[in-house]
Amino acid sequence: MPAAVQIPLRSVAVWLLLHSLLLASHPRSATAFPKGCYPSEEEGLKTFRCSNARLTEVPRDIPNDTNKLYLDSNRIPFLPRDAFRDLPLLLELDLSHNAIASVESGAFRGLAEHLRSLDLSSNKLVSVSKDAFSNLKATVNLSDNPWLCDCRLQELIRTVELAAGSSGGIVCESSAQEEHVGKAFLQVIAGADLCNVYKKTTDVAMLVTMFGWFAMVISYLVYYVRQNQEDARRHLEYLKSLPSKQRRSEESSTISTVV
C-alpha cells in the first residue's frame, strides 16, 4: 500500500482509540441515564430531572456535579444508606410525591455541608429516626405524610429546620392519645411533651414489672414455709404413732431440725 494512503489510516486508528478512551473515562453519558431522566442547566445550576419517570429506586447514574436533583412523582419506597454519597455539590433535593416509607440512617451522608433544601412531602413516612437527618443544615419539608405522633417525631422535629410554611402540614395520622389524631403536630407539642409522657409510661411499666416479681418472690416464700410446716406436722403425727422411747428420741431430733 502507498505511504500516502497509510498515513490517513493511522490517523483514523489513533482518533478511534482516543475516542474510546474518552468514552471510558466518562461512563455517565446521556445513554446511561434512566428513561425519563435528563440533565439541564437552570439559573446557572446543573440540574438533573427524573420527575414522573416511574423510578422504584434512587438512580445510580446521576452526574456527580449535579446541583439540583428532582426525583419527585415516582415510586421510590425507601432511601438506603449512602443513597446520595456521590453528589458532593448537591444544593436542592426534591423527593416529594413518592412512596417513601423508610429512611435509613446515613441516607443523606455526604450532603451535610452543601444541601440547602430537602423536600420529603407527600410520601408515606410514619416514623423516622432523627439520626437519619443528623448534621443536615438544609431546610426540610415533611408535610403531608401519615405521621405517628410520638416522642420520636418530636425529637425529629427538634433536630431539623422545617421549610417555611410546611409545619402546618405535619398532621397526626395516628397517636397513642386519641385526642391528638387529626391535629397539627406543632399544636400537639405546644401543650404536651410527648417524650416526658413516654418516660412516665415507661417508669410505670417498670414499677408494675418490679411489683410482679416481688409478688412472685413473696408467694414462693409463703408456699415454702407452709410446705415445711405441713411436712413437720406429718412427721410429728408419725412420731406420735411410735413407741414412747423411740418417739422421744426422734422428737428431739425433729425439734432441732425445725429450729
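Residues numbered from 1 in each chain as written. Predicted model: local features only at pLDDT ≥ 70, side-chain atom pairs only at ≥ 80, totals over all residues. Heavy atoms only, no water.

Draft legend 1. Region of the structure containing the overall build of the protein chain. For the protein chain, the helix and strand inventory stands at five helices and 11 strands. When each of the 259 residues of the protein chain is scored for burial, the buried share is 31%. Of all intrachain contacts in the protein chain linking residues separated by at least 6 positions in sequence, the fraction that spans at least 24 positions is 42%. Total accessible area on the protein chain is roughly 16,600 Å²; 58% of this is exposed by carbon and sulfur atoms. (Helix = DSSP H or I, 4+ residues; strand = E, 2+ residues; numbered from the N terminus. Buried < 20%, exposed > 50% of the residue type's maximum accessible area, 1.4 Å probe, protein only. Contact = heavy atoms within 4.5 Å. Areas by Shrake-Rupley, 256 points an atom, 1.4 Å probe, with all protein chains shown as cover.)

Draft legend 2. Structural detail: the environment of T66. Secondary-structure assignment places T66 in the loop between strand 2 (45–49) and strand 3 (68–70). On the basis of relative accessible area, T66 is assigned to the buried category, the value being 2%. Taking C-alpha positions, T66 is 8.4 Å from P88, a pair spaced 22 residues apart along the chain. Apart from the residues within four sequence positions on either side, T66 is in contact with K46, F48, L89 and L90.

Draft legend 3. Representation of the packing of aromatic side chains. According to the stated counting rule, one finds three aromatic pairs in the structure shown. Ring geometry for F33 and F48: centres 4.9 Å apart, planes at 75 degrees, overall edge-to-face. With F33 in the loop between helix 1 (3–25) and strand 1 (38–42) and F48 in strand 2, this pair connects stretches of sequence that are 15 residues apart. Like F48, F33 is buried. Relative to F133, the ring of F108 has its centre 5.6 Å away and its plane inclined at 35 degrees; by these criteria the two rings are tilted. Highlighted residues: F108 in the loop between strand 6 (102–103) and strand 7 (117–119) and F133 in the loop between strand 7 and strand 8 (139–141), separated in sequence by 25 residues. (Phe/Tyr/Trp six-rings, centres within 6.5 Å; stacked < 30°, edge-to-face > 60°.)

Draft legend 4. Here's a closer look at the confidence of the model for the protein chain. Residue-level pLDDT values for the protein chain average 80, and 66% of them are 70 or greater. Long-range and interchain partners of residues 1–7, a stretch whose pLDDT sits below 50, account for two contacts in this model, where long-range means more than four residues apart. In the model, residues 12–30 has pLDDT below 50 throughout and makes eight contacts with residues more than four positions away in sequence or in other chains. (pLDDT = per-residue confidence, 0-100.)

Draft legend 5. Local environment of the nonpolar core. Membership of the largest hydrophobic core comes to 46 residues, with the highest contact counts inside it found for L79, F84, F108 and F133. Of all elements in the fold, only strand 9 (147–149), helix 2 (151–159) and helix 3 (185–191) reach the threshold of two or more residues within this core. Every residue in contact with F133, bar those within four places of it in the chain, is listed here: F108, L118, L120, V128, V140, L142, L156 and V160. (Core = buried A, V, L, I, M, F, W, Y, C linked by side-chain atoms within 4.5 Å.)

Draft legend 6. Geometry of the pairing of strand 2. Alignment of strand 1 against strand 2, held across five bridges, turns out to be antiparallel. Residue pairing in the sheet places P39 in a bridge with F48 of strand 2. Connecting strand 1 to the antiparallel partner strand 2 that follows it, the hairpin turn spans two residues, and E43 within it adopts a positive phi of roughly 55 degrees. (Pairing = 2+ DSSP bridges.)

Draft legend 7. Structural view of helix 2. Buried residues of helix 2: C151, L153, Q154, L156 and I157, and no others. You can read the cap of helix 2 off the contacts: a side-chain oxygen lies 3.2 Å from the backbone nitrogen of R152, and it is on D150. (Polar contact = N/O pair within 3.5 Å; in protein donor to acceptor, adjacent residues only side chain to side chain.)

Draft legend 8. Expanded view of the pattern of salt bridges. According to the stated counting rule, one finds eight salt bridges in the structure shown. D86 is the salt-bridge partner of R85, the closest N and O atoms lying 3.9 Å from each other. (Salt bridge = Lys/Arg side-chain N within 4 Å of Asp/Glu carboxyl O.)

Draft legend 9. Unusual backbone geometry, seen in detail. With phi around 60 degrees, S73 is a residue other than glycine that occupies positive phi space. By the secondary structure assignment, S73 is in the loop between strand 3 and strand 4 (78–79). Here the phi dihedral of D82 falls at roughly 60 degrees; this positive angle occurs in a residue that is not glycine. Structurally, D82 is set in the loop between strand 4 and strand 5 (92–94).

Draft legend 10. Up close: the sheet that holds strand 8. Taking strand neighbours across the sheet as the criterion, the seven strands line up as 1-2-3-5-7-8-10 in an open arrangement whose pairing is mixed. The outermost strands of the open sheet, each flanked by one partner alone, are strand 1 and strand 10 (161–162).

Draft legend 11. Geometry of the side chain of N98. Inspection of the secondary structure puts N98 in the loop between strand 5 and strand 6. N98 sits in the buried class, given a relative accessible area of 8%. In this structure the side chain of N98 is engaged in a polar contact, spanning 2.9 Å, whose partner is the backbone oxygen of L71. For N98, the side chain forms a polar contact with the main-chain oxygen of S96, separated by 3.3 Å. Excluding residues that lie within four positions of it along the chain, N98 makes contacts with L71, D72, S73, N74, R75, I76, S122 and N123.

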